[in-house]
2 protein chains.
Amino acid sequence: MANLLLKNIGLLATPTGSAAKRGREQGEITLLKGAYILVKGGVIDAVGSGEVPAGMLENAEMVDVKGRLVTPGLVDAHTHLIFGGWRQNELGLKLHGVTYLEILAQGGGILSTVRATRAASEQELAGKAAKELSAMLRMGTTTCEAKSGYGLDPEDEYKQLRAIRRLNETQKVELVPTFLGAHALPEEYKNHREGYLGLLCEEMIPTVAREHLAEFCDVFCETGVFTAEESRRILEAGKKHGLTPKIHADEIDPIGGSQLAGAVGAITAEHLIVCPKEGIASMAKGGTIACLLPATSFYLGATFAPARAMIDAGVAVAVATDFNPGSCPSSNLQLAMNLACLKYCLTPEEVLTAVTLNGAAGIRRADRIGTVEAGKQADLLIWDAPDLDYVCYRLGANLVDTVIKKGEIIQF
Amino acid sequence: MANLLLKNIGLLATPTGSAAKRGREQGEITLLKGAYILVKGGVIDAVGSGEVPAGMLENAEMVDVKGRLVTPGLVDAHTHLIFGGWRQNELGLKLHGVTYLEILAQGGGILSTVRATRAASEQELAGKAAKELSAMLRMGTTTCEAKSGYGLDPEDEYKQLRAIRRLNETQKVELVPTFLGAHALPEEYKNHREGYLGLLCEEMIPTVAREHLAEFCDVFCETGVFTAEESRRILEAGKKHGLTPKIHADEIDPIGGSQLAGAVGAITAEHLIVCPKEGIASMAKGGTIACLLPATSFYLGATFAPARAMIDAGVAVAVATDFNPGSCPSSNLQLAMNLACLKYCLTPEEVLTAVTLNGAAGIRRADRIGTVEAGKQADLLIWDAPDLDYVCYRLGANLVDTVIKKGEIIQF
């Protein structure tokens, strides 16, 4: 692999460090004008500003950034990337006032995605996701978490996770797998709740861990899905087998998910639309990162998570897409950045940290990605933009000009 | 120019006719499965479904649509495309709670765009807009209205309109020019309101008309900008010289703009966020098209125009971007379509009509563009989508695969 020298960088904007940034630090990023970056063997070798040292010019492919903005590659720390089918038919129903529960009663909603996912092969699921990942990479997402959760039985959950593994070998976006067998109670267990909990904790979690199919164990803690007590049991089972807890908390009802997140040592709590003060305090105490999903709030017509209160309380905030076929059919992390500014009133600097370093920390990758510093993996974006304000301001545009992943310039 | 034969069209979705669709007709579009389209000399020669007649296969370049969706090219009937500078710096101010009036008092807001536009040459303005038009075309916009209104003096207004004319000769998106000298009272006239009104009506409008620099005359009818009475005077002056009236009405305060629209025979009234019942009735009576701008409501954090009430009252609804450097830095008409579904609760079929035929009617082009029918200009989109629901559902994605403008396949 050729060395790369990015020169004539108008502005390099990046958080620094290898841990999530909380509180005021979330917005304290490094801004370097007239910068250069040397990449060797896929790793950032040197970052500086001013005259490029003569020695660096040798044996390096030059990339003229032409005075534009460079940031770390974007990290999408919450997606449901792997699924069969789509649910565009529900849009029309929704616009005609049909409620989610009515759609569900008609066999729609998540259960229709479960059916389509079960019916698809591992290869079909991977092929469908690969197409989406190509669009995501073009929009700047260089690393992406991906959850199971539409199989809801052992083989179909493993199939989703194996599709993620396959994709890590066949395309460029780095994927981080999360086991979300506790996404819903499958239809066949609707009168046998304890049976599914047992299956999750005693069979699926141990198998997922043993076969290294996932790094994280997630649960949808919500009214009508899993209670806080059930969620605790599932996450503790995951921990016992080495899977780090994540939790879908406070999306619709505040039933204790965010409080549990801090108590159980979850690395992230996700959604948090209706997160109460007690939940924020618990996350701050437990060091849980808030992974916020503004496009879901927007698509659902819901309110927006109390991001500022979280930052004020010392909770690190990440922002992700929640890409899924039901509540957020958008994989566009740049749009999530626009929304995080406009709807959470985060500053562009706070948003950058949220979609780079804090996203990386939310999937335990902050030692390797999420910032532009010597020693980190060379995941870089050249933006067709002069500064970070412009990126957040140009609603709905794809401003990514060039994507560099592990030191490789991606050709589209 | 080669003939084109689009075959294997999974679904052709298009409104039909050469006039704006009102009421229930707005959502009554033609859906043709297994369709083909023959294009000759840049014009649609035949549309059908089933077996392609043998004669058509000769002397035509084949385009295999692979079972996907085809629609008319999108028509963006309201943009402020031509301007100097950007205003991303105001995003940070806005997030820190600085009000628009405070920004204006600091020399920001529209006045900073006026300064930057005055300082730019015609060629610079055209070059900057050409870059944006390229992105718009890639997202499916094949025709676009463009307003002056950042010059606010004779030479700088004409310069903007000449930049539009230049762009019509140098790039592919068809532009339709609107004179909006009445966009704001220029600083140098702030104590001489009547002087600017006289300049507009007695010098600028006659010159614009004589030199065929614009087809429409627009005015920003709003508290603190132009009153309804002043707006009437400006629009009547335009009419006298052959410029068809358009009006920015009811964006912030309902000061009579929509009522005036119907009374003065405006072809469109635009924004209409706070449009009162009387305004809707006036537009319905006068045959004025409501040109709604959902991305502006969204970017401003405002409410959304009463689109359903308009449709119910028999007003034809168009949807456009309002692309401009202040209140809507988005030129993405697909995002406006998403918003029109989610926020106006229009159906995907109503939205399609809003961004094709009704947009075309709003710039008096419905005889030539806005539908896929024999005799219309061949402005076509092939979507990476199976149906219209999918287009409206995939929030923030660019689903346009292939753009055909006047029978030419655009290469990006």
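Residues numbered from 1 in each chain as written. Chains lettered and ligands numbered in written order. Predicted model: local features only at pLDDT ≥ 70, side-chain atom pairs only at ≥ 80, totals over all residues. Heavy atoms only, no water.

Participant: Explain the overall build of chain A to me, using residue names and the numbers behind them.
Facilitator: Of the regular secondary structure elements, chain A holds 15 helices and 16 strands. Dimensions of chain A, computed from C-alpha atoms along their principal axes, come out at roughly 70 × 45 × 45 Å. In chain A, which comprises 412 residues, the proportion classed as buried is 64%. Within chain A, residue pairs in contact and separated by at least 24 positions form 72% of the contacts whose partners lie at least 6 positions apart. When the accessible surface of chain A is split by element, carbon and sulfur atoms take 51% of a total near 14100 Å². Both charge centroids of chain A, one from 40 positive and one from 49 negative side chains, sit 1 Å from each other. (Helix = DSSP H or I, 4+ residues; strand = E, 2+ residues; numbered from the N terminus. Buried < 20%, exposed > 50% of the residue type's maximum accessible area, 1.4 Å probe, protein only. Contact = heavy atoms within 4.5 Å. Areas by Shrake-Rupley, 256 points an atom, 1.4 Å probe, with all protein chains shown as cover. Lys, Arg positive; Asp, Glu negative; His and termini not counted. Charge placed at Lys NZ, Arg CZ, Asp CG, Glu CD.)

Participant: Got a sec to walk through the confidence of the model for chain A? Specific residues and values, please.
Facilitator: Summing up the model confidence of chain A, the mean pLDDT is 96 and the portion of residues at 70 or higher is 100%. Across the interfaces of the predicted complex, the ipTM metric reaches 0.96, alongside a pTM of 0.97. (pLDDT = per-residue confidence, 0-100.)

Participant: How would you summarise the nonpolar core if you had to cite specific residues and measurements?
Facilitator: By size, the foremost hydrophobic cluster in this structure holds 222 residues, and its most contacted members are A:Ile234, A:Ile247, A:Met310, B:Ile234, B:Ile247 and B:Met310. Contact partners of B:Ile247, with chain neighbours within four places excluded, come to B:Asp218, B:Val219, B:Cys221, B:Ser231, B:Leu235, B:Gly257, B:Leu260, B:Ala261, B:Ala266, B:Thr268, B:Ala269 and B:Glu270. (Core = buried A, V, L, I, M, F, W, Y, C linked by side-chain atoms within 4.5 Å.)

Participant: For the sheet that holds strand E7 (residues 141-147) of chain B, give the residues involved together with the corresponding values.
Facilitator: Residues and elements named next belong to chain B. Read across the open sheet, the eight strands follow the order E6-E7-E8-E9-E10-E11-E12-E13; overall the sheet is parallel. Whereas interior strands pair on both sides, the edge strands pair on one side only; in this sheet they are strand E6 (74-76) and strand E13 (317-319). Direction aside, the axes of adjacent strands within the sheet are offset by 25° on average. With two bridges connecting them, strand E9 (residues 216-219) and strand E10 (residues 244-249) associate as parallel partners. Within E10, the position partnered with phenylalanine 216 by the bridge is threonine 244. Taken strand by strand, helix H5 (residues 154-170) contacts E7 and strand E8 (174-182), and its axis lies near 175° from that of E8. (Pairing = 2+ DSSP bridges. Axes fitted to C-alpha atoms, helices over the stretch in contact; angles between N-to-C directions.)

Participant: I'd like a description of the relation of the copies chain B and chain A, backed by residues and values.
Facilitator: Its rotation angle being 180°, the transformation that places chain B on chain A also includes 0.0 Å of axial translation and leaves an RMSD of 0.0 Å. The two molecules are tied by a two-fold rotation axis, judged by turn and shift. The position closest to the rotation axis in chain B is occupied by the C-alpha of B:Gly396, lying 3.2 Å away. (Least-squares fit on C-alpha atoms with pLDDT ≥ 70 in both.)

Participant: Please set out the side chain of A:Glu251 residue by residue, giving values where relevant.
Facilitator: Residues and elements named next belong to chain A. Locating glutamate 251 in the fold gives a position in the loop between strand E10 (244-249) and helix H8 (257-264). One buried charged residue, glutamate 251, forms no salt bridge at all, with the nearest opposite charge on arginine 87 at 10 Å. The residues touching glutamate 251, leaving out its near neighbours within four places in the chain, are Phe220, Glu222, His271, Ile273, Val274, Thr296 and Leu300. (Salt bridge = Lys/Arg side-chain N within 4 Å of Asp/Glu carboxyl O.)

Participant: Run through the interface of chain B and chain A, naming residues and quoting values.
Facilitator: Tallying the contact residues gives 38 residues for chain B and 39 residues for chain A. Our count for the contact surface shared by chain B and chain A stands at four salt bridges. Linking chain B with chain A are 16 residue pairs in polar contact (both at pLDDT 80 or more). For the side of chain B that touches chain A, the secondary-structure elements that each account for two or more residues are helix H1 (89-95), helix H4 (122-138), helix H10 (294-300), helix H12 (333-344) and helix H15 (388-393) of chain B. (Polar contact = N/O pair within 3.5 Å; in protein donor to acceptor, adjacent residues only side chain to side chain.)

Participant: Account for helix H13 (residues 348-355) of chain B, naming residues and giving values.
Facilitator: Of all eight residues making up H13(B), seven are buried, and the element is well covered by its neighbours. All buried positions along H13(B) are accounted for by B:Pro348, B:Glu350, B:Val351, B:Leu352, B:Thr353, B:Ala354 and B:Val355.

Participant: Any chance you could break down the pattern of salt bridges for me, citing the residues and the numbers?
Facilitator: Taken as a whole and judged by the stated rule, the model has 50 salt bridges over all chains. Residues A:Glu229 and A:Arg232 are paired through a salt bridge, measuring 3.9 Å at the closest nitrogen-oxygen approach. With a gap of three residues between them, A:Glu229 and A:Arg232 both fall in helix H7 (residues 228-240), about one helical turn apart. Residue class for A:Arg232 comes out partly exposed when judged on its relative accessible area of 33%. Here B:Lys246 and B:Glu270 are joined by a salt bridge, their closest N and O atoms 3.3 Å apart. One end of the pair, B:Lys246, is in strand E10; the other, B:Glu270, is in strand E11 (residues 268-271), with 24 residues separating them in the sequence. Owing to a relative accessible area of 0%, B:Glu270 belongs among the buried residues under this scheme. Within this structure, A:Glu145, A:Lys147, A:Asp218, A:Lys246 and A:Glu270 form a network of salt bridges that share partners.

Participant: Hey, could you go over the packing of aromatic side chains for me, with residue numbers and the actual values?
Facilitator: One pass over the full model with this rule turns up 19 aromatic pairs over all chains. Measuring from centroid to centroid gives 5.3 Å for A:Tyr390 and B:Trp86, while their planes differ by 85°, and the two rings are edge-to-face. Linking A:Tyr390 in helix H15 (residues 388-393) with B:Trp86 in the loop between E6 and H1, this pair reaches from one chain into another. In this structure A:Tyr390 comes out as buried when scored by relative accessible area, which is 7%. According to the relative accessible area criterion, B:Trp86 is partly exposed, its value standing at 25%. Ring geometry for B:Phe83 and B:Trp86: centres 5.2 Å apart, planes at 85°, overall edge-to-face. Given the relative accessible area of 2%, B:Phe83 is considered buried. (Phe/Tyr/Trp six-rings, centres within 6.5 Å; stacked < 30°, edge-to-face > 60°.)

Participant: Just give me the short version of the domain arrangement of chain A, but keep the residues and values in it.
Facilitator: Residue and element names in this part refer to chain A. Considered domain by domain, chain A is made up of domain 1 (3-72 + 370-409) and domain 2 (75-362). With centres defined by C-alpha atoms, the gap from domain 1 to domain 2 works out at 29 Å. Taken together, the contact pairs 39 residues of domain 1 with 34 residues of domain 2. Both sides together, the interface formed by domain 1 and domain 2 hides about 2700 Å², and carbon and sulfur atoms give 61% of it. When residues of domain 1 are sorted by the area they lose upon contact with domain 2, Arg22, Gln26 and Cys392 head the list and together hold 25% of the total. (Domains from an automatic or database assignment. Buried area = accessible area lost by both parts, 1.4 Å probe.)

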